[in-house]
Amino acid sequence: MAGGFDPIDGFRSAVGPTLRLLGLPADTDAYQLMKQGAAADPYQAALIEAGDPAGFRANYEAFSREPGLHQELADSGVPTLLYAGTADPWHEPMRAFAERSGANFLSISDADHKGCWDRSTDVLPTVLSFLATAGMP
């Protein structure tokens, strides 16, 4: 089960579109934007403040260069549920991957990346049903 990521092109697939949406040049340090966005949430802000800045940067750098996990997911043989909000930049890559690989996919209308977390009442029934059907506790 995974939400809000691009299984085909990985994390980096959202960087270009986000910069264009914000009218920023392609060479903008997207890490700073991601950090600002995360810091807007009190829980995430506390994690950022308590964490290691160099570690966060290293994590971002690794994920932004890493390709997606589509082949590994498709070959795993493990039942998979993917979900994303229709306003999440990763919605369409996730939907396309699920369609091609036979994975389950849940689309949450009008939710952005964080919106799916905030709308757990829309996500949880499908997750619980999926887990029960997949024979997971």
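Here the structure is shown first, and the text comes after it.
If you're wondering where the values come from, they're calculated on a predicted model, not measured in any experiment. (Residues numbered from 1 in each chain as written. Predicted model: local features only at pLDDT ≥ 70, side-chain atom pairs only at ≥ 80, totals over all residues. Heavy atoms only, no water.)

Considering the pairing of strand β3 (residues 104-108)
So, step 1. Two elements, strand β2 (residues 81-85) and β3, share five bridges in a ladder whose sense is parallel. Residue pairing in the sheet places Leu82 in a bridge with Phe105 of β3.
So, step 2. Following the chain from β2 across helix α6 (residues 91-101) to the adjacent parallel β3, one finds a crossover that is right-handed. (Pairing = 2+ DSSP bridges. Helix = DSSP H or I, 4+ residues; strand = E, 2+ residues; numbered from the N terminus. Right-handed = clockwise from strand over helix to strand, strands pointing away.)

Quick look at the side chain of Thr80
So, step 1. Within the secondary structure, Thr80 is located in the loop between α5 (70-76) and β2.
So, step 2. Taking the relative accessible area as the measure of exposure, Thr80 reaches 12% and is therefore buried.
So, step 3. Setting aside residues up to four positions removed in sequence, Thr80 forms contacts with Ala103, Asn104 and Phe130. (Buried < 20%, exposed > 50% of the residue type's maximum accessible area, 1.4 Å probe, protein only. Contact = heavy atoms within 4.5 Å.)

Side note on unusual backbone geometry
So, step 1. One non-glycine residue, Asp110, adopts positive backbone phi at about 60°.
So, step 2. Locating Asp110 in the fold gives a position in the loop between β3 and α7 (115-118).
So, step 3. Relative accessible area serves as the criterion here: at 72%, Asp110 is assigned to the exposed category.

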